[in-house]
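# A look at the structure
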Amino acid sequence: MFGFKRIAASASAWKELVAVLGAIACAAMATDARSADYATRPTPAWVVGIERGVADPAAAGQVRDGLDYLLVDTQVRAIRSSRTLYRRMALRAVDISGVEGAANIEIGFDPSWQTLELHAIDLIRDGRVIDKLAGATVRVLQREAELERRIYDGRKTASVFLEDVRVGDTIDYAYSLSGRNPVFGGRDSGTFDLDHRVPVARIHARLLSDDAAAIRVATRNTALEPEITRDGALQSWRWRADRVAAVVVDDDAPSWHDPSAFVQWSTYADWNAVARWAVPLYAVTGQDDAELEREIARIAASESTADGRLLATLRFVQGEIRYLGIAIGTGSHAPNPPALVLERRFGDCKDKTLLMLAMLDRLGVDAQPAFVATELRRGLRDQLPSPGRFDHVLVRARIGDRTYWLDPTNPRQDAALDTLAQADFEFALVVADDSRGLVPMAPAGRAPALREIHATYDARAGFEQTVGYVVVTKLGAERAEGLRATVAADGVDALQKSYLNFYARYFPGIILASPLAIEDDLAANRVTVTERYSITDFSSLNEDGMTRSAVVETPDLDGWLSAPGSTVRTAPLWRAHPVDVGLTTEVLLGEDWPSESEPSTIDDPAFSYERTIKPRRGRLVIVDRYRSRTDEIPAADVPRYSANLARAREASGYVFSWPAQGGSTGGSDWQPNWMLAIVVGMAFALWLLAAARLHRIDPPARSAAVGAPSGLGGWLVLATLGLLVTPLVSIFVVWQTRDSWSLATWTAVSTPTSDSYSALAAPTLMISAIGLVGMFVMSILLLVIYFRRRTSVRWLYPAFLIGLFVWQLANLGLIGLLPNVKVDASDVADVVRGAFAALLWTLYFLRSQRVAATFTRRLAPSPPVPVPPSGSVPILG
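What you are looking at is a predicted structure, and each value in this text was computed from that prediction instead of being measured. (Residues numbered from 1 in each chain as written. Predicted model: local features only at pLDDT ≥ 70, side-chain atom pairs only at ≥ 80, totals over all residues. Heavy atoms only, no water.)

### A look at the pattern of salt bridges
The final tally for this structure, using the stated rule, is 42 salt bridges. Put simply, D188 and R180 hold a salt bridge, and the shortest N to O gap is 2.9 Å. Grouping residues by exposure puts D188 and R180 together as buried. Notably, a salt bridge pairs D252 with R569, separated by 2.8 Å at the nearest N-O pair. Of the two residues, D252 sits in the loop between β16 (234-244) and β17 (262-266) while R569 sits in the loop between α10 (555-558) and β32 (573-574), which places them 317 residues apart along the sequence. Here D252 falls in the partly exposed class, since its relative accessible area comes to 21%. (Salt bridge = Lys/Arg side-chain N within 4 Å of Asp/Glu carboxyl O. Buried < 20%, exposed > 50% of the residue type's maximum accessible area, 1.4 Å probe, protein only. Helix = DSSP H or I, 4+ residues; strand = E, 2+ residues; numbered from the N terminus.)

Written out as C-alpha cells, the structure reads:
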C-alpha cells in the first residue's frame, strides 16, 4: 500500500480518530465467513504442481517458532485482463509452539478488488493425508492493522482454525487471490522472495504473462537463473531452490540494506512511465469549490510574495487538515478531491499533497508531487521502476532557482522558508510528464542541524556538597521542529520528566532545581532549552579509603559514542548522518585546579572526535566535538570503528581526585554554619527552659472507674513505642538532611544573586531546625514523665502531638511557597497522618479509663484514693 507516513499525534487528534472510526469498530469483531468472503474451489489448471522439500538437518539451529518450512510456492498469472496470485505453504510442527502456528492459518486480502479462493488444507500424519478444508472453521476478520498509524484500509483476514494438530504433523495449504487494483490501469508489477528469515526446504516461484515484450524481469542478490518456457499464449518464468538457508540481518543495519534474494517484475518501462501513470491522479484542474476558493483568496490577499504564499499554504494544510487515511481500493494510491479533503478536514499524505498543489496552482507557485521511499531511500536505484517501491508522497516547490521539498503531513512548520527543515529521503520521483528518473533531494554536503550544548557544574562549595547542574541546549532546523512537535504532543512536563530520568542514569542524586525553560526563535528556526538541577552525593570515597573523586560526565555526548550492538556481523552498520554536536562543559571551582590542556583527537573514516581542556581562574572548561562522516559503515570496518569509539569514550569525561581528609576545591570537609548553629543553640536553650517549666506542672489525677485497667498495656503499648523512637527519629532526620544544614546550602539559598535564592528559604530552614530540636527535647521530657506515670502526661502527650502537627503543616506551607520546589503527595500524606494521630491520641488520653488509672502520680503527695464499695462493675480501658 502506498502513500502513508506515520506522524506524531496529540491526544486530542487520537480521540478524533477514534470518533471518526467508531462506526467501523464492530467490523473488527470476528463473524462467521459468508460465501461472499471466500470460495472453496479446486486448484486452477494453470498452476504447476510441486513436491514438498525435505528439511535440512544442518539448519535445525535456525528454526524459529517451532516450524519447519518445507515448501513456499508462489505463482502469479498476470495477463492483460486479470491477475491471480496462487500460494501454497507446507509447514511441519516440531514442537508445541509450532502446533500453535500451523493450526492457525491467516490470509490477508482486500475485498474491494480481490477474491479469495481456498483450494486445499491437508494434514499429513505418519504418511497419511487428511483433508482438513471441509471441516475447517473459517472466520473473516477486519482487524485494521494500520489503525495505529491512523489508516483505515478495509483489508480483511481469513483466519482458519484447525482441530487435532499434533507435534510432527505437516500442514499443507493452498489458496489464490484474484484481482488487480484498478488504480493501476491494467499495469502490473510484483516481487518473489527467494529466501526468508527462516530456512526453507524448497522455494518455487513462477510468473506467467501474455505480454512478454513489455514485462521486465530482474533478480537481486542471487545467481539463480529462471527457466523460461512457453505455455500456450503465455510465457513462463520459473525459479526453484532447495534447502535455502535463513537470511539474518542485524537490527542496526541501514534500512536500504537488503541482502535477501528476490525477483522483481514490472510492466513499467522506466521511472518516466511510473510518473506518467501518476500524473492524472494528481491533476489540479477542475478543482473548483467555494470553500477552497475562499482559502485561496484569503492567502492571496494576505501574502503578496511567492515565498509567503508557499509558506501560508503549507501551514494551512499542516495545521488545519489532520492526518487520517481512508485507503480502500483505489484509495491506496489515488488521492481524494481537494474539496472533499477540505470539507472533511482530514486526509493522508496523498490527500494533503493534492490539496496543497491545487492551492499553490491557483496562487501561482510552481509545485509538483514527488514520490519517496522513506525506508528504501538510496536503495531505490537498484529497483525496477514501479509505484510499489514508494510509501510516501510530498511536494516539490520551485521559486526562481530555489527548490523546496515540503511535507504537508509534518506538524505545522512556523519557521521562515529558508530555515525550515525540508524533507530528505535521498531520492524522489517527481510526478510530471517530463520526469526522466529519480532526482536527489538534497545537495551534496548539506550542513547538519544545529546542536550545541553548554553544561555547567557549580562545585564552588565543594564536590562533597550539593552541586548545581545547568544544561543549555541550542537546536536548529529539524531538531528544533522535532522538539516543538514533542512538546505539542506530550507537553512540557513529560519532556522535563524524560530529561530528568535521562540524567538520573548518570547522577542518582539529581533533582530539579527549577522548571524547564524553552526559548523559541521561529524566524531563525532555533530552540534553546535550559535545564537546572541539583546533584547530591556527587563525589565518592575511593576503594583505597585515602582519596575521594568526582566524575564530570558527558551525558549529552555519550549517545553518539555508544558501541554498536555487534561487531561480528555480515551487514553494514547504520549511523545517523550528518551529525555535528558540540558540548562545552564548564566546572566552577572554589579554587584553581591544575590540569593538562593537551587536546585529544580521534580520527576515524566514519567520525571525528576532538577534546580540549582549558583551565581558567576558578574554573575548568572542557570542549568536546563529535562529527559524523558517513551513515553506512561496511561490516569489515565495524571492529575498527568500534575500537575508535571506545577510545573516544575513554577520553570523554573528567575525574577530580583529592585526599579524603581534605576538601575538594573549596577547603575542609566540614565548614560550620555559624548562623544556623547560633539559632539552634538558642532554640535548644529555650526548649530546655520550657521543658523544665512543663516538668513542674502537676495537675490532679482524674478519677478512674472502679476496676478500670491500669499499667502500660492495651493501646498504651503503641504510645510507648512511639515515644521511644521519637528522639531517634529526630536524630535520623537531622542526619539524613545534613546537606540542608551545610554552609554551602545556607549560602546558596540566602544569597540574592544565587540561582537557588528565595526570601523564604532561610526562614524555612530555621523553622525546620527549631522544630527538630523541640521534637527531641520534648520527647525526652515526655519519656521521663511517662515512665514516672505523672498526671501531666494526660494533656502533655496530646499537646505534643498537636504541636508536631502544627509544625508539619507550617513546614509544608512554607515549602510549597518556595520557587522551584514541588510538594509531593507523600508530604501531604505525612501531614494528614499527623493530624489523624493527634486527633486519635488526644481523644484516647482524655477519655481512656486506662490512662486515668495509670497516670496518677504527682510531684506533691496525692490524697488517699477512696476504696470503692463492693459490687462495683469494672470498666475496661
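### A word on helix α17 (residues 825-847)
With 23 residues, α17 extends 33 Å between its outermost C-alpha atoms, agreeing within 8% with the 33 Å of an ideal straight helix rising 1.5 Å per residue. Among the residues of α17, those classed as buried are V831, G834, A838, W841, T842, Y844 and F845. Considering only its buried residues, α17 is in contact with α13 (716-736), α16 (793-817) and α18 (849-854). (Expected span 1.5 Å × (residues − 1). Contact = heavy atoms within 4.5 Å.)

### Quick notes on the nonpolar core
By size, the foremost hydrophobic cluster in this structure holds 49 residues, and its most contacted members are W277, L310, M356, M359, F371, F390 and L429. Looking at this core, the elements with two or more residues in it are α3 (271-278), α4 (290-302), α5 (306-320), α6 (338-344), α7 (349-363), β22 (392-399), β23 (402-406) and β24 (427-430). The element best represented in this core is α7, accounting for eight residues. Core analysis: the next-biggest nonpolar cluster, separate from the first, contains 44 residues, L91, A136, A205 and A261 among them. (Core = buried A, V, L, I, M, F, W, Y, C linked by side-chain atoms within 4.5 Å.)

### Notes on α5
With 15 residues, α5 extends 21 Å between its outermost C-alpha atoms, agreeing within 8% with the 21 Å of an ideal straight helix rising 1.5 Å per residue. Extensive coverage of α5 is indicated by the burial of eleven of its 15 residues. Of the positions making up α5, those classed as buried are G308, R309, L310, L311, A312, T313, L314, R315, F316, V317 and Q318. Buried residues along α5 sit in contact with α4, α6, α7, β22 and β23.

### Considerations on the packing of helix α8 (residues 477-490) against helix α9 (residues 492-504)
The geometry of α8 relative to α9 is characterised by a closest axis approach of 7 Å and an angle of 115 degrees between their N-to-C directions. Put simply, α8 runs roughly perpendicular to α9. Side by side, α8 and α9 meet where L483, T486, V487 and D490 of the first sit next to V492, A494, L495 and Y499 of the second. Tallied by class, residues from the contact of α8 with α9 come to six nonpolar, one polar and one charged. (Axes fitted to C-alpha atoms, helices over the stretch in contact; angles between N-to-C directions. Parallel < 35°, antiparallel > 145°, perpendicular 65-115°, else oblique. Nonpolar A, V, L, I, M, F, W, Y, C, P; charged D, E, K, R; others polar.)

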